[in-house]
Amino acid sequence: MNNYFQINEQISQTEKIILPDDTPMKNKPNTITTMKTSWFTFLPYAFIKQITQPANIYFIVIGILQIIPATSYTNGVPTIYGPLAMMMSISILKDAIEEYSRYKSDQEENNRKSHKYYENQFIECNWKDIYQADIILVMENESIPCDILILSSNYQGGIAYVETKQIDGETNLKQKYSIYDLQQRYHIDNAINFKDKNNNVKFVYDQKNPILYKLTGTYQINNSQVDSLNYGNFIERGCILKNTEWIIGLCIYSGMNCKIMLNCSQERTKRSRLEQYMRICIISISISLALFCLMSSIYEFIWTNNHLNYSYLGLTKDNVFIDLGLWFSLLSYFIPISLVVNVELVKFGQAKMLESDKVMPNSKSHQSNLIEQLGEINIVFTDKTGTLTKNSMQFRELFAQNEKEALLCLSLCHSVVKSKNKLIGSSPDELAILEYCEQKGYLFQGIDNNNHLTINKTQFHRVMNFDFSSDKKRMTIVVKTGNEYVLFCKGADEVLLELIGECQHQQIIHQFAIQGYRTLMLGRKTFSQSQMEIYLTEYKKAQEDKDEEMMNKLQKKLEQNLEFLGITAVEDLLADDVGQTIQDLKIADIKVWVLTGDKVETAISIGYSCNLIDSKDMLQVVTQITVGSIEEVFLQYCNESANIALIISGQALTVMLDNPQLKSMLLKRAFYAKVVIVARVSPKQKQQVVTLVKENLPKAYTLAIGDGANDVSMINEAHVGVGIQGVEGTQAARAADFAISEFKHLKRLMFYYGVECSRRNALTILYIFFKNQVFITPYFWFGFLNGFSGQYLYDQWLSSLFNTVFAALPQVLYALFDEMHPSSEYLQWSKTSHNLLEEKPDVYVQFRQQPIFTIIKFWLWVFNGMVQGLIIFLVCTFSTENQNMDNGMTMEFFEDGVFIYGIVIILVNLKIFTFTYTNYNFTIFFIVLSILVYWLILIMVNDHELSPSFNFYRYLASPQLYLALALTCMLFLFDLAIERFYDFQIYIRKPESIELV
């Protein structure tokens, strides 16, 4: 394979040089990957991840104790490793499924088709087979496979039109240009000569960097004059070629070196608050277990020493540390071995239910372990274009004193071109305005090579043109009609008001702004031929001198004392139900921050139209770029109780982040502000804002939502990232933790799935710890009856089935199907109707401020389990103490164990009813079945002598059994009373406050 440009990496750290050479750049392929590992490293990575889990570390230690003869009650066999291996395998399998999903997504991207130059022709290839310095061919409606410089296009002037929705979420077209001197050299019709020595070209350009919307460099043909390159010659990966038959480009950044990929911050491991708390609880209960084991071993040591003279007991002096290890093995159920896997499987099932939700079509979950975190969000960071809006403009109104002149101004003063009878422009506002002009009879028919614009059949010669810029905030054109020169200007109202002077129509602007419309003011001015000739002479001289300051002064001089023509109102259509969604988020006490690349004025306008900013809010706009001026603006508003909407420009943000004092002032003001909007920000700045909030508000949980590749860094940085997929591209959706198709679905994602999964997962974890305490506590108290000798109470085979058979499935069904406000859908995996929680933001506030799972609540559940385990042990043990068998002997401890175990199984399964809202027939069936299985097993093994004293049918007829069952019912009703009447689910306490650090 031949490449015709070679990269020289040695020239500097900030630039790259491409020389004409046949050396391929195989070390820089166009492959991307979003996988956390490779397939070669996945198993080691997954294994290390599992064995470093606190719970798994605990069970590995228990297995070691089971191997050591002195501390083993399993004859040296590490029986714990069997279920541990099964649980770890299930977790690894789940991770593998999620990793495979990312792998498939990467493969789809890398195997997309394009064309590259090879042996004097363009051949079809996969994106991954393109290398830096390859020459590629892109056809209309194809995506750009890598970052390229445009060498040529099918248009004579080298123009190309691209859609940048993957970069910034905008669907309007942007104009790009080929390198003028290379348009013919690298024309598609001249492909056979690309290797000609006369095509010796040297490129110098910026070294790979994440800065979007910027590229500088030079090119030199055959060692002749050096000419400049700029961003207009550059197209980023992921853009789509539109209204252009073909372009030929040079790959200058490939794969993970593309600008958009460099803006994708490396994905970090995210953990929900519940998962973090669960880890803390595992560690704390391990410490409690150590204390219980230490007490047991000390008691056994003392008891043994006090009874050494009883020779028939065969006692010998024991080592306290050996007894300690033995008790660690016996009480290993203190921490449930199935805890982590059960929780992960439940979350995985919840994520699959989310993906099959018909109310939120095309939803995806890439991080199922974060699903409950959706119910505890304090701050939402959102992009604007394509997220809050459809980026679809509609012309709403024209206010004009002279409608004909205003329409002529609008049809002439714009950057739109016409190709194939279709209007093509970089501004959706201008397209909407021209469509309105056409409806009014002012049809723009294009511009020819002689700078003649045609409106209907009338030609206007374009004499001068000043394009719109974010600094000048206006566009101006001068046209010649006959002997008269007419200047038309349109722009932001605050700029045009200065150029027009006194204007009696500012109330109209205010009315349009209240309605959320984007407004432009129009102005006009006429010149004689002599006046224009003088001006053109002065301006030409400034151009030749490259005097930017003089050119700006001359432009402003030309535009002074304009005549007012009119005001336009254009609406950027909001996405469906955005206003109501934001209103509900605000009711739920969730702060919404808008981080957008749009102008400050546009962002404010959308803020009003989507209910983010109220008419009563006080706007504090910070666009200054010096430390002193920013401090002055902040000091003007010192009232923390005021409803302040803080609006900041990207340039001002840069200054603030570099100054510790300003950063502190920004944080304080943003903390108390009702609304925060940051405009004209880069992807890196979006990430920096999220990082700033996380570092200084450690108790606040953040969610970031966006639709473009420029939102990926922000999405990855937030505690939870949500991508919008669909017409605005898939980059954000692929990188996010969750993906939805519209912003309005955020409400269902948070208010329904967030609240429900947070509630169910918290209670599932608490229940798992509770049932294991009920199960293991009799073991501990049984030690007082045997001198803490380490005698096990339950049959070892039956006890191994506790967390896998007798008390397993009901908790999973609860976590998947229980609902506080169930719909009419009975056992329907795929939801098709809305849930009442979506309209109850107050419930969201309640569950966030008073979460179910807290350290205090955890210990209450553990203590409750211990107490109930103790009661069961006392009743079952002492009620059978004096019961005689047929041979006159009393019952042995094994039958006590069978008795206690059966009551424990009944109680822990009934416990689920105490915190369940929805009891389906099938859930009741499996709860009953889980209880009956134990008794059915006892019937089956009744004929086998498990114990000399055991007889199931006599056991079934004993009054002690029914006494214990009555006790179980009393405990169940007691628990139910606590749950229902004393609100045990949400422990009454003062809500946690979020403080600025």
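Residues numbered from 1 in each chain as written. Predicted model: local features only at pLDDT ≥ 70, side-chain atom pairs only at ≥ 80, totals over all residues. Heavy atoms only, no water.

Asks: Give a detailed account of the overall build of the protein chain, specifying residues and quantitative values.
Replies: When you go through the protein chain residue by residue, the secondary structure sums to 32 helices and 33 strands. For the protein chain, with 997 residues in total, the buried portion stands at 57%. For the protein chain, the exposed surface amounts to about 41800 Å²; the carbon and sulfur share of it is 55%. (Helix = DSSP H or I, 4+ residues; strand = E, 2+ residues; numbered from the N terminus. Buried < 20%, exposed > 50% of the residue type's maximum accessible area, 1.4 Å probe, protein only. Areas by Shrake-Rupley, 256 points an atom, 1.4 Å probe, with all protein chains shown as cover.)

Asks: Requested: an account of the packing of aromatic side chains, with residues and values cited.
Replies: Going through the model one piece at a time under the given rule, you end up with 40 aromatic pairs. The interplanar angle of 80 degrees and the centroid separation of 5.3 Å between the aromatic rings of Y934 and W935 together place this pair among those described as edge-to-face. We note that Y934, like W935, is buried. Each residue in the set F775, Y779, Y794, F802, F806, Y901, Y934 and W935 is aromatic and connected to the rest through ring pairs, giving one cluster. The ring of F770 has K911 lying over it, and the distance from NZ or CZ to the ring centre is 4.7 Å. (Phe/Tyr/Trp six-rings, centres within 6.5 Å; stacked < 30°, edge-to-face > 60°. Lys NZ or Arg CZ within 6 Å of the ring centre and 35° of its normal.)

Asks: Hey, could you go over the nonpolar core for me, with residue numbers and the actual values?
Replies: Of all hydrophobic cores here, the largest spans 142 residues; its most connected members are L703, L746 and M750. For this core, the element with the highest residue contribution is helix α23 (residues 745-782), accounting for 22 residues. Those residues in contact with M750 that lie beyond four places of it in its chain are L374, G375, I377, V380, L585, I590, L703, V755 and Y844. Ranked by size, the runner-up nonpolar core spans 36 residues in total, among them I648, L653, M656 and V676. (Core = buried A, V, L, I, M, F, W, Y, C linked by side-chain atoms within 4.5 Å. Contact = heavy atoms within 4.5 Å.)

Asks: I'd love a proper account of unusual backbone geometry, names of residues and values included.
Replies: Non-glycine residue N120 carries a positive phi angle of around 65 degrees. Relative to the assigned elements, N120 resides in the loop between β3 (113-118) and β4 (121-126). Notably, D589 is not glycine yet its phi reads approximately 60 degrees, a positive angle.

Asks: Before we move on, could you go through the sheet that holds strand β14 (residues 246-253) and cite the residues and values that matter?
Replies: Here six strands make up an open sheet; going across it, the order is β4-β3-β5-β14-β6-β12 and the pairing antiparallel. Looking at strand neighbours, the two that pair on one side only are β4 and β12 (234-235), the edges of this open sheet. (Pairing = 2+ DSSP bridges.)

Asks: Pulling in residues and values, what's your account of the pattern of salt bridges?
Replies: Under the counting rule described, the total for this entry stands at 30 salt bridges. Salt-bridge contacts for D737 lead to K270; the nearest nitrogen and oxygen are separated by 2.7 Å. Here D737 is found in the loop between α22 (731-735) and β33 (738-740), whereas its partner K270 is found in the loop between α5 (259-262) and α6 (273-306), with 467 residues between them in sequence. You can call D737 buried: its relative accessible area is 3%. For D614, the salt bridge goes to K674, with nearest N and O atoms at 2.7 Å. With D614 in the loop between α16 (600-609) and β28 (618-622) and K674 in the loop between α19 (660-672) and β30 (675-679), this residue pair connects regions lying 60 residues apart in the sequence. Among the ionic contacts, a cluster of salt bridges with common partners joins K586, D614, D617 and K674. (Salt bridge = Lys/Arg side-chain N within 4 Å of Asp/Glu carboxyl O.)

Asks: So what's going on with the sheet that holds strand β29 (residues 644-649)? Residues and values would help.
Replies: Pairing within the open sheet is mixed, and its nine strands lie in the order β15-β33-β32-β31-β16-β27-β30-β29-β28. Strand pairing shows two members of the sheet lacking a second neighbour, β15 (364-365) and β28, which therefore form its edges. With four bridges connecting them, strand β16 (residues 379-382) and strand β31 (residues 702-706) associate as parallel partners. By the bridge assignment, I379 is partnered in β31 with T702. Set on the sheet, α19 makes contact with β27 (591-595), β28, β29 and β30; between it and β29 the angle comes to about 140 degrees. (Axes fitted to C-alpha atoms, helices over the stretch in contact; angles between N-to-C directions.)

Asks: If you had to explain helix α15 (residues 578-587) to someone new, which residues and values would you point to?
Replies: Of the residues making up α15, those classed as buried are V578, G579, T581, I582, D584 and L585. Taken together, the buried residues of α15 touch β27, α23 and α27 (841-849). Count one or two residues on from α15 and you reach D589, which has phi positive near 60 degrees.

Asks: Could you give an account of the pairing of β4, with specific residues and numbers?
Replies: Looking at chain direction, β3 and β4 are connected through six bridges and run antiparallel. In the strand pairing of β4, K113 is matched with N126. Here β3 folds back onto β4, and the loop between the two strands holds two residues, one of which, E119, carries a positive phi near 55 degrees.

Asks: Tell me about the packing of α23 against helix α26 (residues 809-817), and name the residues and values.
Replies: Taken N-terminus to C-terminus, the directions of α23 and α26 make an angle of 165 degrees; their axes are 9 Å apart at the nearest point. What the angle tells us is that α23 and α26 run roughly antiparallel. As α23 packs across α26, the resulting crossing turns out to be right-handed. Each of R759, R760, L763, T764, Y767, I768 and K771 in α23 lies in contact with α26, whose residues at this interface are Q811, Y814, A815, L816 and F817. (Parallel < 35°, antiparallel > 145°, perpendicular 65-115°, else oblique. Left-handed = near helix turned anticlockwise from the far one by under 90°.)

Asks: Help me get a handle on the pairing of β31, residues and values and all.
Replies: Judged by how many residues are buried, β31 sits mostly within the fold: five of five residues are covered. Sheet topology note: the β31/strand β32 (residues 720-724) ladder contains four bridges and is parallel. Bridge assignment links A704 to a residue of β32, and that residue is G721. For the handedness criterion, the β-α-β arrangement of β31, helix α21 (residues 712-717) and β32 is classed as right-handed. (Right-handed = clockwise from strand over helix to strand, strands pointing away.)

Asks: Before we move on, can you summarise the packing of α15 against α23 with the specific residues and values?
Replies: Packing of α15 against α23 brings their axes to within 9 Å, and their N-to-C directions diverge by 30 degrees. Here α15 lies roughly parallel to α23, going by the angle between them. Each of Q580, T581, D584 and L585 in α15 lies in contact with α23, whose residues at this interface are L746, K747, M750 and F751. Each residue belonging to the contact of α15 with α23 can be placed in one class, and the counts come to four nonpolar, two polar and two charged. (Nonpolar A, V, L, I, M, F, W, Y, C, P; charged D, E, K, R; others polar.)

Asks: An account of the environment of I978 is needed here, citing residue identities and associated values.
Replies: Structurally, I978 can be placed in helix α32 (residues 959-981). The exposure class of I978 is buried, given its relative accessible area of 18%.

Asks: Tell me about the side chain of D711, and name the residues and values.
Replies: Locating D711 in the fold gives a position in the loop between β31 and α21. In this structure D711 comes out as buried when scored by relative accessible area, which is 0%.

Asks: Tell me about α19, residues and numbers included.
Replies: Along its 13 residues, α19 runs 19 Å from first to last C-alpha, staying within 8% of the 18 Å computed at 1.5 Å per residue. A side-chain oxygen of the first residue of α19 lies 3.0 Å from the backbone nitrogen of Q661; this N-cap is N659. (Expected span 1.5 Å × (residues − 1). Polar contact = N/O pair within 3.5 Å; in protein donor to acceptor, adjacent residues only side chain to side chain.)

Asks: So what about the environment of L932? Which residues, and what values?
Replies: Mapping L932 onto the fold places it in helix α30 (residues 921-940). Between the C-alpha atoms of L932 and I905, which are 27 residues apart in sequence, the distance is 9.5 Å.

Asks: Which residues make up the environment of N27, and what values go with them?
Replies: For N27, the location among the structural elements is in the loop between β2 (15-19) and α1 (42-51). C-alpha separation for the pair N27 and Y131, spaced 104 residues apart in sequence, amounts to 8.1 Å.

Asks: Residues and numbers for the confidence of the model for the protein chain, please.
Replies: Looking at the protein chain as a whole, its pLDDT mean stands at 82, while 87% of the residues score no less than 70. Low pLDDT, under 50, characterises residues 1-13; the stretch is placed with 56 contacts to residues that sit more than four places away or in other chains. Scored below 50 in pLDDT, residues 984-990 shows 26 contacts in the model against residues more than four places distant or in partner chains. (pLDDT = per-residue confidence, 0-100.)

Asks: An account of the state of the cysteines is requested, with residue identities and associated values reported.
Replies: The final tally for this structure, using the stated rule, is zero disulfides. Take C409: it sits in no disulfide, and the sulfur closest to it among the cysteines is that of C413, at 5.3 Å. A relative accessible area of 0% means that C409 is categorised as buried. (Disulfide = S-S within 2.5 Å.)

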